[in-house]
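Listed below are the residues making up each chain.
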Amino acid sequence: MIRAAYLADEGLERPLAEELELSGRRVSAWHGRLALSPDPPAPAAWALDVWDDPREIPAPSVKLAADGLRAIQRNWSLVPALHHRRAALIEERLPPVKARPLAFPEPAPTGHLGGWALLTPELILASPTKSSPFPGGAPRFVEDREGPPSRAYLKLWEGLVRIGKHPAPGETCLDLGASPGGWSWALAQLGARVTAVDKAPLEDRVMAMPNVTWRQESAFALPPEPVEWLFSDVICYPARLYALVTRWQGIARNIFCSVKFQGETDHAAAAQFAAIPGARLFHSAHNKHELTFVRLAEDAP
């Protein structure tokens, strides 16, 4: 019996498998990037999407397969793994899902969306509910290919959409490890007042933004100071970032950081971040081998 399914990001199946094992959740089989488990569903930081109500639907024909899905609800998103041609034929008989790119800071969609996959040519696994409102757990955005100096702003956008909150105009933001300025650019676009901290300068077009100030300092040597938002995309070991985060707790109202892993995934370090009261820890589709740590003022005890 399959009671939960966890969707890994491409190339990051191993961290998800390790996380599930460490938490005592079994994986009975992998179906493409879907880890199928006989244990009850629970949040998983390395999962792009968690299917919490999977059920098997007979699919003796393309028509009956589509009818079986439509009998449950209207909106479904396919996770292709095997039997691609037959899955595509079934998908053609379902109402189209309009997964248009978001124009940030547009919020995440609120419409009901289920996930399905073709386990065998005649058997569907479908979950009418899942953790992400996006097909495959991966939002798409209307990208700006001229303003930002790098594509790093996309993982910032995705994380802010996932938590449903972003800096308001006039709020103070500290961007640690800011160079070349992708996050600072994105925050300034929201109207926030951004202080970018890095030993290397920002790109000229970001430096010239009226609400961006650059400080040529080390992110780790900076003494904590009251700000509405602390952001960090610093390249460092998780233990060093954890020490930085704990120093800023209670001083920065909201904290948003990238936890980067080199080589093997340090699950013990990830558990330290997850144990911080009020913490949110998740992997985004625009992340690489990293997690996003968030602690919002309203979540803090």
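Criteria and cut-off values
Each chain carries its own residue numbering, running from 1 in the direction its sequence is written. Where local features are concerned, this predicted model is filtered to residues with pLDDT of at least 70; where side-chain atom pairs are given and counted, the filter is 80 or more; whole-chain, interface and lining totals use all residues. Hydrogen atoms and water are omitted, and side-chain values are computed over all heavy atoms in the structure. Numbering of helices and strands runs from the N terminus, with a helix taken as a DSSP run of H or I at least four residues long and a strand as a DSSP run of E at least two residues long. Throughout, exposure labels follow a simple rule: accessible area from a 1.4 Å probe, protein chains only, divided by the maximum for the residue type, with under 20% read as buried, over 50% as exposed, and the rest as partly exposed. When charges are counted, neither His nor the chain ends are considered; positive counts come from Lys and Arg and negative counts from Asp and Glu. One side-chain nitrogen of Lys or Arg within 4 Å of one carboxyl oxygen of Asp or Glu is enough to make a salt bridge. In protein, a polar contact means a hydrogen-donor-capable atom and an acceptor-capable atom, both N or O and within 3.5 Å, with residues adjacent in sequence counting only if both atoms are side-chain atoms; elsewhere, any N or O pair within 3.5 Å suffices. Between two residues, a contact is recorded if the distance between any of their heavy atoms is within 4.5 Å. In this scheme, strands are said to pair when DSSP sees at least two bridges between them. Every axis corresponds to a line fitted to the C-alpha atoms, with the helix fit spanning only the stretch in contact, and the corresponding angles, defined between N-to-C directions, vary from 0 to 180 degrees. Every angle not falling under 35 degrees, over 145, or within 65 to 115 is termed oblique; those three ranges are roughly parallel, roughly antiparallel and roughly perpendicular. By the convention adopted, Pro, Cys, Tyr, Trp, Phe, Met, Ile, Leu, Val and Ala count as nonpolar, Lys, Arg, Asp and Glu as charged, and the other residues, Gly among them, as polar. Directions pointing from the helix axis toward each C-beta atom define the arc. Any pair of Phe, Tyr and Trp rings, taking the six-membered ring for Trp, is counted once the centres come within 6.5 Å. Such a pair is stacked with planes under 30 degrees apart, edge-to-face with planes over 60 apart, and tilted for the rest. Each ring is checked for a lysine NZ or an arginine CZ that lies within 6 Å of its centre and within 35 degrees of its normal; such an atom marks a charge sitting over the ring.

(A) Geometry of the side chain of Arg 295. Its place among the elements puts Arg 295 in strand E15 (residues 290–295). For Arg 295, which is buried and forms no salt bridge, the nearest opposite charge comes from Asp 299, at a distance of 8.4 Å. Side chain to side chain, Arg 295 and Gln 249 meet in a polar contact 3.5 Å long. The residues touching Arg 295, leaving out its near neighbours within four places in the chain, are Gln 249, Gly 250, Arg 253, Asn 254, Ile 255, Ile 276, Pro 277, Gly 278, Ala 300 and Pro 301.

(B) Structural detail: the pattern of salt bridges. Taken as a whole, this structure holds 18 salt bridges when the rule is applied. The residue Arg 14 makes a salt bridge to Glu 264 at a minimum N-O spacing of 3.2 Å. Here Arg 14 is found in helix H1 (residues 13–22), whereas its partner Glu 264 is found in the loop between strand E13 (252–260) and helix H8 (267–274), with 250 residues between them in sequence. The pair Arg 14 / Glu 264 is uniform in exposure class, with both members exposed. Across the pair Arg 26 and Asp 39 runs a salt bridge whose closest N-O atoms are separated by 2.6 Å. Separated by 13 residues along the polypeptide, Arg 26 in the loop between H1 and strand E2 (29–31) and Asp 39 in the loop between strand E3 (34–37) and strand E4 (47–51) bring together distant segments of the chain. Accessibility expressed as a relative area gives 11% for Asp 39, which makes it buried.

(C) Layout of the sheet that holds E4. If you trace the 4 strands from one edge of the open sheet to the other, you get E2-E3-E1-E4, paired in antiparallel fashion. Each of the sheet's edge strands pairs with one partner strand only, and the pair in question is E2 and E4. Here the average twist between neighbouring strands, direction ignored, is 25°. Across 4 bridges, the pairing between strand E1 (residues 4–8) and E4 is antiparallel. Looking at E4, one finds that Ala 5 is bridged to Trp 51. Sheet contacts for H1: E1, E2, E3 and E4; angle to E1, the most-contacted strand, approximately 145°.

(D) Geometry of the packing of helix H4 (residues 153–163) against helix H5 (residues 182–189). In the contact formed by H4 and H5, the axes pass within 8 Å of each other and the chain directions differ by 50°. Classed by the angle they form, the pair H4 and H5 counts as oblique. Of H5, the residues touching H4 (which contributes Tyr 153, Lys 155, Leu 156 and Trp 157) are Gly 182, Trp 183, Trp 185, Ala 186 and Leu 187. In terms of residue class, the contact of H4 with H5 is built from 7 nonpolar, 1 polar and 1 charged.

(E) Expanded view of unusual backbone geometry. Here the residue pair Phe 104 and Pro 105 is connected by a cis peptide bond, since its omega of 10° sits within 30 degrees of zero. Tracing the sequence through the fold places Pro 105 in the loop between helix H3 (84–92) and strand E7 (114–120). Positive phi values are uncommon outside glycine, yet His 83 reaches one of about 55°. Following the sequence through the fold, His 83 ends up in the loop between strand E6 (76–78) and H3.

(F) Broad picture of H8. Those residues of H8 that fall on the buried side of the exposure criterion are His 267, Ala 269, Ala 270 and Phe 273. All buried residues of H8 lie within an arc of 155° about the axis, which places them on one face of the element. Where H8 is buried, its residues contact H1, helix H7 (238–248), E13, strand E14 (279–282) and E15.

(G) View of the packing of aromatic side chains. Evaluation of the coordinates by the stated rule reveals 12 aromatic pairs. Consider the rings of Trp 229 and Phe 231, whose centres lie 5.4 Å apart with planes at 10°: the pair is stacked. On the accessibility criterion, Phe 231 (0% relative accessible area) is buried. In this structure, Arg 240 is placed above the aromatic ring of Phe 220, and the distance from its NZ or CZ to the ring centre is 3.8 Å.

(H) Fine view of the side chain of Thr 292. By the secondary structure assignment, Thr 292 is in strand E15. Look at Thr 292 and you get buried, because its relative accessible area is 1%. A polar contact is formed between the side chain of Thr 292 and the side chain of Asn 287, at a distance of 3.4 Å. Beyond its immediate sequence surroundings of up to four residues, Thr 292 is in contact with Phe 256, Cys 257, Arg 280, Leu 281, Phe 282, Ser 284 and Asn 287.

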